[in-house]
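Residue strings, one per chain:
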Amino acid sequence: MGMSAEDERAASPRDEEWPEAEKAEKLARGAALKWASGVFYCPEKLEGLGQYRSREMQRNSSIQSRLKSTVQSYLEGVSAGLEQLRSAAQEVQSVCQDLGAARWALLDSADRFQGLQQMRALMAEHVQLASVVQVLPQLFSVHEVFSHTLQLLHEQHLLEAHAELMMMEHLRDDILSQLHFRGLSSAQATVLSYFGGLQELNESLAKQLWDIVGNSLRLVREDPVLFVTAVRIIEREEKIDDALLLEATFLPPGRPKGWRQKFYHVLQQTITGAHFHAACMDAEGPGLARHLAALQKGIVSELRVVKDLMVQCVPAHYNILSICTATYHQALTSHLQDILREDLDKQALFLLLEWALRVYHSPEMMGHPDLLPEVDVSALGPLMSPELVDQTERKYVVKVKASVLEWMQRTLEVEFKEWFREEEPETDHQGFFQSALPVIVMQMLNENIQVAALITDSLQQKVYNMALEELEAFLGRLREALVQCGKEHQKDRTIPKYYVSYLLAMLNNNLALSSSVSSLHPDTARREVPTSLQAALDRTQKKACQLLLEELLLDLQPLCLQLPSRKWLSGSQLVNSMCEVIDKYAKDFSHVRKPIFTLLLMESELLVVSQYLRALMQKKMVCKSEEERGQLCNRLLQDAMQLQELFCGLGLDRSQQSLEAVFALRELICLKDPALLSLEVLGFITKYPDVRFEGFLQSPKGKDVKEKAVLLWHSPVCIWWPKKV
């Protein structure tokens, strides 16, 4: 069905005004068509068309009736609202008319109000006079009240005295405020002069209050009423201060008093003055220990009083326990710094470090069960700053170093004197020579390291490093003492009597020190010996061995001077004497532990070989015949074998011996073909570079010489190989 032009014109404004309605209508039509096509798609469903039509008509009729009812109710409400607006407009118009009439009436009577101004002034004056009349009795009784208040203060009736004082102050402040607001500042001086006694009363009351606060720790145990009274008066004054500061219109003289802050200040001064005066204590070890013990006992006792008694006597917002704890902590910090400015000995420094880092936080002091959990100093920071701890530790290490140096020097002096005794050194259960030196030194160093471990790991490490440095320096002084002893022995070989024995004891001592150094390290997982200290130990061992070998050399030299000679070729007496000397020293060497014993045997064997070869090469001996050269070779062989058997019997393996050089020299001398001599000498020098030859190969010159001789000039031992020309 189409729409007429009028319908379109009528519908057009509505569509423009309600575009959603058109969209909703289209959607509804589309949904209806979709539903109808689905229902009537099958021919058999066309029979129910009448039923569908009647049902839809009934539903449309119901919807229309509800819409009409709703629209009707809205229209009725709009009508009632319009009626109320109309009535309100009428009432507003009536009020405006009445206000206009009142305005005109006031304007007409304005002249009449001018006469009331004089009445107002008279009324204000009357009010002032009435106020003055009311306070006159109080003003006349001011001096009497002053006297009574002063008497109450003398009798320590503090609450009553303070009540009268507040009354007088209120009267004075009220008068001053009225004068201030009326601009009569010149009259304020008269009022202040009249109430001048208030200043004296205030000072007297304050003095008694601060005396009470200064004795608060005693009073809360003996008479808490007096302390509570003082706190109540302080709180009264604080409330007056707060009220005046809040108004911020007029502040009377002497306000704010700030007595609560003064309370804290006096309490802190009392705590500080009672305990923390470095001038009245002995900074030495025993005196300082007593002082710290007294501090520990006094602080714990007083904090217990504050926690158990004083807290109940003051308001909770005072935080009195926290303030007292912080006061003790800060005062202790300053007090320890003052003490550390003194020149303290090592015992005093140790006591301070132990007390500040261990005792202070322990259950014996601030961690006492009676103080926990309310007292907590962990939030207050350390008692000694890390910088101060490090500085104090360094001072302690310096003092310990001086003590260790003095003790070691004394020990060395005692040891040096023992070397000159008329008896052999002590022996252990295995028969090894020893002295108390390593035990004393290591015990002293270990004790200092263990004592430092009671404080901090850093202090232990510092003391450990110092101990190694001092031990290294001590070994240097020990070597100097050995050298000095050796010089004394060179002057007179009978002094010291047991020179060799004490050198052997020193070797055992050095070995004991070397094996004990690792036990000093604080970390059990790191027990290596520092390189510099190991080098010092090695130098000490080398010096003692050198002195022993020099002593052995002095006994061998008279025998070596007889090499080579015809007497030496004739028999084995010379080498037997050498073996006796070596065996004698080997018996002495048996008093040192095996590593050193083996080392001494090796060095002794090397010394014997070097002296043997040097003696052969420093003298000229001409073999006149081949038989004599053979005799020389046999003598060398027998001597070398005898010495070799001797050292093997003493426990020195052949691989550790140097006698092969003697055997090689003997083979060189036994050489029969002179043409091979230079080659053999070169091989000998290559194999034994330490054995030096100072000459060259040459033939003797002379007209009468009938035999050609080959001279081995590298060795002063001259060997002739006869050969026909």
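Reading the values: rules and limits
Residues numbered from 1 in each chain as written. Predicted model: local features only at pLDDT ≥ 70, side-chain atom pairs only at ≥ 80, totals over all residues. Heavy atoms only, no water. Salt bridge = Lys/Arg side-chain N within 4 Å of Asp/Glu carboxyl O. Helix = DSSP H or I, 4+ residues; strand = E, 2+ residues; numbered from the N terminus. Buried < 20%, exposed > 50% of the residue type's maximum accessible area, 1.4 Å probe, protein only. Disulfide = S-S within 2.5 Å. Expected span 1.5 Å × (residues − 1). Arc of directions from axis to C-beta. Contact = heavy atoms within 4.5 Å. Phe/Tyr/Trp six-rings, centres within 6.5 Å; stacked < 30°, edge-to-face > 60°. Lys NZ or Arg CZ within 6 Å of the ring centre and 35° of its normal. Axes fitted to C-alpha atoms, helices over the stretch in contact; angles between N-to-C directions. Parallel < 35°, antiparallel > 145°, perpendicular 65-115°, else oblique. Left-handed = near helix turned anticlockwise from the far one by under 90°. Nonpolar A, V, L, I, M, F, W, Y, C, P; charged D, E, K, R; others polar. 1 Å grid on protein atoms, 1.4 Å probe; cavity = no way out; pocket = protein on both sides within 12 Å on 5 of 7 lines; lining within 4 Å. Points joined across faces, edges and corners; volume = space filled by probe spheres on them. Core = buried A, V, L, I, M, F, W, Y, C linked by side-chain atoms within 4.5 Å.

Engineer: An account of the pattern of salt bridges is requested, with residue identities and associated values reported.
Structural biologist: Inspection of every chain in the model, using the stated rule, returns 25 salt bridges. Residue glutamate 83 pairs with arginine 86 through a salt bridge whose shortest N-O separation is 2.6 Å. One end of the pair is glutamate 83 and the other is arginine 86, both in helix H3 (residues 49-108) and 3 residues apart, which spans about a single turn. Overall, the relative accessible area of 43% leaves arginine 86 in the partly exposed class. The residue glutamate 423 makes a salt bridge to arginine 421 at a minimum N-O spacing of 3.0 Å. Relative accessible area serves as the criterion here: at 27%, arginine 421 is assigned to the partly exposed category. A single salt-bridge network, built from bridges that share partners, covers Asp390, Glu393, Arg394 and Lys462.

Engineer: Before we move on, can you summarise unusual backbone geometry with the specific residues and values?
Structural biologist: The phi angle of most residues is negative, glycine excepted, and most peptide bonds adopt the trans form. Between isoleucine 495 and the following residue, proline 496, the backbone shows a cis peptide bond with an omega angle of -10°. Relative to the helices and strands, proline 496 is located in the loop between helix H18 (457-491) and helix H19 (499-517). Of note in the backbone geometry, glutamine 156 takes a positive phi value of approximately 60° without being a glycine. With respect to the helices and strands, glutamine 156 occurs in the loop between helix H6 (142-154) and helix H7 (158-181). You can call glutamine 156 partly exposed: its relative accessible area is 46%. Despite not being glycine, asparagine 319 shows a phi value in the positive range, around 50°. Tracing the backbone shows asparagine 319 in the loop between helix H13 (285-308) and helix H14 (320-340). Residue class for asparagine 319 comes out partly exposed when judged on its relative accessible area of 47%.

Engineer: Can you break down the state of the cysteines residue by residue, with the values?
Structural biologist: This structure, assessed with the given rule, holds 1 disulfide. Shown here is the disulfide that connects cysteine 633 with cysteine 670, its sulfur atoms set 2.3 Å apart. Of this pair, cysteine 633 sits in helix H24 (residues 626-650) while cysteine 670 sits in the loop between helix H25 (660-669) and helix H26 (677-687), and the two are 37 residues apart along the sequence.

Engineer: Give a description of helix H17 (residues 437-453) that names residues and reports values.
Structural biologist: If you check H17, its first and last C-alpha atoms are 24 Å apart, about what 17 residues at 1.5 Å a residue would give, namely 24 Å. Along H17, the residues classified as buried are Leu437, Pro438, Val441, Met442, Met444, Leu445, Asn448, Ile449 and Ala452. The buried residues of H17 all sit within an arc of 155° when viewed along its axis, so they share a single face. Elements in contact with the buried residues of H17: helix H15 (346-359), helix H16 (386-418), H18 and H19.

Engineer: Can you explain the packing of aromatic side chains? Please cite residues and give values.
Structural biologist: This structure, assessed with the given rule, holds 11 aromatic pairs. On the basis of an interplanar angle of 65° and a centroid distance of 5.7 Å, the ring pair of phenylalanine 263 and tyrosine 264 is categorised as edge-to-face. For the pair formed by phenylalanine 263 and tyrosine 264, the shared burial category is buried. Taking the centre distance of 5.7 Å and the plane angle of 65° together, the rings of tyrosine 264 and tyrosine 318 count as edge-to-face. Taken as a pair, tyrosine 264 in helix H12 (residues 259-275) and tyrosine 318 in the loop between H13 and H14 lie far apart in primary sequence, 54 residues in all. A cation over an aromatic ring shows up here: lysine 257 above the ring of tryptophan 259, its NZ or CZ 4.7 Å from the ring centre. The ring of tyrosine 585 is capped by lysine 584, whose NZ or CZ atom sits 4.7 Å from the centre of that ring.

Engineer: Any chance you could break down the side chain of glutamate 237 for me, citing the residues and the numbers?
Structural biologist: Within the fold, glutamate 237 resides in helix H11 (residues 224-247). With relative accessibility at 0%, the residue glutamate 237 sits in the buried group. Residues contacting glutamate 237, with those up to four places away along its chain left out, are His162, Met166, Glu169, Arg255, Lys257 and Trp259.

Engineer: Which residues make up the packing of H19 against helix H20 (residues 531-560), and what are the values?
Structural biologist: Packing of H19 against H20 brings their axes to within 10 Å, and their N-to-C directions diverge by 165°. One finds that H19 runs roughly antiparallel with respect to H20. Between H19 and H20 the crossing geometry is left-handed. On H20, the residues touching Tyr499, Val500, Leu503, Leu504, Leu507, Asn510, Leu513, Ser514 and Val517 of H19 are Leu533, Gln534, Leu537, Thr540, Gln541, Ala544, Cys545, Leu547, Leu548 and Glu551. Per-class residue counts for the contact of H19 with H20 are 13 nonpolar, 5 polar and 1 charged.

Engineer: So what about empty space enclosed by the protein? Which residues, and what values?
Structural biologist: Empty space among the atoms becomes apparent when a probe as large as a water molecule is rolled across them. A complete count under the given rule lists 2 cavities of 30 Å³ or more for this structure. When contributions to the lining of the second largest cavity are tallied by element, the ones reaching two or more residues are H18 and H19. Sort the elements by how many residues they give to the lining of the second largest cavity and H19 lands first, with 3 residues. A per-class count over the lining of the second largest cavity returns 7 nonpolar, no polar and no charged.

Engineer: Give me the lowdown on the environment of threonine 249, citing residues and values where you can.
Structural biologist: Relative to the helices and strands, threonine 249 resides in the loop between H11 and H12. The spatial distance from the C-alpha of threonine 249 to the C-alpha of serine 177 is 8.9 Å, given a sequence separation of 72 residues.

Engineer: Give a description of the nonpolar core that names residues and reports values.
Structural biologist: One finds Phe227 and Phe263 to be the most contacted residues of the largest nonpolar core, which totals 180 residues. Other than its neighbours up to four places away in sequence, phenylalanine 227 contacts Ile212, Ser216, Leu219, Val220, Phe263, Met310, Cys313 and Val314.

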